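Per-entry structural report
So you can see what is in the structure, the chains are spelled out below.
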Amino acid sequence: MKHFSRWEFLKSTGAAVLGSALPLSMVKVAFGAKGSGEAFHFGYISDAHIQHLKGADFVRNWDRGLIRAVQEANLLTPKPDFFFFGGDLAQLGTKEEIDHGLEIMSKLHGKVHYVMGEHDYYLDLGEHWEMKLGPQHYSFDHKGVHFVVLNSILTHDKWTHRPWPTPMDRMKAMARLDNPDGSPFLVGEKQRAWLKKDLEKIDKNVPIVVCSHSPLQKIFAGWNFWTDDAEQIQALLKPFKKVTVIYGHVHQIQYQQIGNISLHAVMATAWPWPYPKSYTQVKNALPVLTVPMNRADPFFERDATGWQFIDWKTGHAAMHYQLPNNKDRTVAFNRKTGRPEDTKYQNVKTRIPPQDHF
């Protein structure tokens with residue numbers, strides 16, 4: 001793949017002046033239902049992890065990541081029809097964090113659809129979030145495409161309602177990636193029943209886009225890169241010809257094809273997570289198509305954060321990742337193999353070996 005200069009990339013995508021490290025996804029959708037004939041764009045920002053310190057003080061770096069995304073998103077041309085925020089607006093789910101994050105997001109010029117993350121939920125079980133933003137799951141139609149937003153970070157009632165010393169103890173237990181006292185994520189029976197009913201009304205030729213926080217697949221249970229009822233959700237999506245799942249949570253590039261479902265992760269505005277297998281010797285199930293990126297300096301807070309221009313002209317996502325202090329990458333659907341592939345690093349012989357940091 002040709003390595004675009006910043007200006008060459010902006011010219012090729014028709015975007016306005018953007019920073020090369022913009023941590024959002026710009027999505028072009030040109031695969032609406034037959035007869036709709038309308039292409040459109042939407043933006044995707046995720047995983048801000050706004051963290052309150054005391055008084056009016058918040059962690060500056062996490063603030064700046066979200067502020068920059070909002071500022072640069074407002075310069076996009078053409079203007080997106082709407083945006084998504086992909087979850088984990090807050091770090092510990094406090095009113096101060098959610099309100100501060102929403103204040104930053106309020107500067108975004110356009111409608112925003114919100115996805116709930118576990119960091120937004122487990123302090124008060126979504127009470128403040130719902131008061132501010134409405135339902136935790138919902139769907140809508142836009143120019144021939146059916147969008148579904150799921151709350152994929154629920155878990156078993158027995159764990160959620162155990163006698164925790166305080167709600168913050170529950171929040172911190174779920175917030176840790178490697179906590180053995182945590183619990184696997186679920187979409188849950190009630191929400192699956194709602195999804196089944198919602199999809200029954202949709203023609204099987206209509207493209208489906210599902211936005212969840214956790215991946216609707218099983219990648220690595222130790223870090224909750226995992227949704228326990230993922231196969232049941234996939235079964236509900238199987239009858240549709242074109243399904244795309246977009247998720248946050250993992251703070252890294254991931255992509256996978258499961259039957260008719262293309263799954264793509266978006267990056268965070270806060271910080272990158274290392275790939276699980278570069279951090280632990282515990283058995284993992286990273287998707288075969290996930291290629292570790294070379295992180296030259298794991299302590300550089302903007303390394304492996306970035307933004308994507310997602311092009312769906314062909315009806316399949318082509319993710320153009322623009323990465324500061326890293327090599328730009330494109331993950332595009334290969335019609336010959338029937339799956340998304342990293343156009344530069346798919347060949348094992350051309351990959352840069354990942355560094356291990358223990």
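See the structure printed just above.
In this report, we go over the structure that sits alongside the text. (Residues numbered from 1 in each chain as written. Predicted model: local features only at pLDDT ≥ 70, side-chain atom pairs only at ≥ 80, totals over all residues. Heavy atoms only, no water.)

**Re the overall build of the chain**
Each helix and strand in the chain was counted, giving nine helices and 18 strands. Sorting the 358 residues of the chain into buried and exposed places 58% on the buried side. Across the chain, the fraction of contacts at a sequence separation of at least 24, relative to all contacts at a separation of at least 6, is 69%. (Helix = DSSP H or I, 4+ residues; strand = E, 2+ residues; numbered from the N terminus. Buried < 20%, exposed > 50% of the residue type's maximum accessible area, 1.4 Å probe, protein only. Contact = heavy atoms within 4.5 Å.)

**Side note on the nonpolar core**
Residues Leu66, Phe85, Met105 and Leu108 are the most contacted members of the largest nonpolar core, which totals 35 residues. Elements with a contribution of two residues or more to this core: helix H2 (60–73), strand E5 (82–85), helix H3 (95–105), strand E6 (112–114) and helix H7 (167–175). No other element matches the five residues that H2 contributes to this core. Once residues within four sequence positions are removed from consideration, Phe85 is found in contact with Ile45, Ser46, Asp47, Ala48, Leu66, Met105, Val112, His113, Tyr114 and Val115. (Core = buried A, V, L, I, M, F, W, Y, C linked by side-chain atoms within 4.5 Å.)

**A look at empty space enclosed by the protein**
Once rolled over the atoms, a probe with the size of a water molecule shows which space is left empty. Overall, the coordinates contain three cavities of 30 Å³ or more when judged by the stated rule. Lining the second largest cavity are His49, Asp88, Glu118, His119, Ala175, Leu177, His249, His251, Trp271 and Trp273. A per-class count over the lining of the second largest cavity returns four nonpolar, four polar and two charged. (1 Å grid on protein atoms, 1.4 Å probe; cavity = no way out; pocket = protein on both sides within 12 Å on 5 of 7 lines; lining within 4 Å. Points joined across faces, edges and corners; volume = space filled by probe spheres on them. Nonpolar A, V, L, I, M, F, W, Y, C, P; charged D, E, K, R; others polar.)

**Here we look at the packing of helix H8 (residues 189–200) against helix H9 (residues 230–237)**
Where H8 meets H9, the closest approach of the two axes is 10 Å, and the angle between their N-to-C directions is 10 degrees. Classified by the angle between their axes, H8 and H9 sit roughly parallel to one another. Judged by residue contacts, Arg192, Leu195, Lys196 and Leu199 of H8 engage Gln232, Ile233, Leu236 and Leu237 from H9. (Axes fitted to C-alpha atoms, helices over the stretch in contact; angles between N-to-C directions. Parallel < 35°, antiparallel > 145°, perpendicular 65-115°, else oblique.)

**Details of the pairing of E5**
A two-sided burial pattern is seen for E5, the buried positions comprising Phe82 and Phe84 on one face and Phe83 and Phe85 on the other. Bridge count between E5 and E6: three bridges; the pairing is parallel. Residue pairing across strands places Phe84 opposite His113, the latter belonging to E6. Note that the unit made of E5, H3 and E6 has a crossover that is right-handed. (Pairing = 2+ DSSP bridges. Right-handed = clockwise from strand over helix to strand, strands pointing away.)

**Re the layout of surface pockets**
There is about 480 Å³ of room inside the largest pocket. Along its surface, the largest pocket is lined by 20 residues, and Leu154, Asp157, Val187, Gly188 and Lys190 are the ones closest to its centre. Among the secondary structure elements, those contributing two or more residues to the lining of the largest pocket are helix H6 (157–160) and H8. Examining the composition of the lining of the largest pocket, we find that four residues originate from one element, H8, more than from any other. Taken together, the residues of the lining of the largest pocket break down into six nonpolar, eight polar and six charged.

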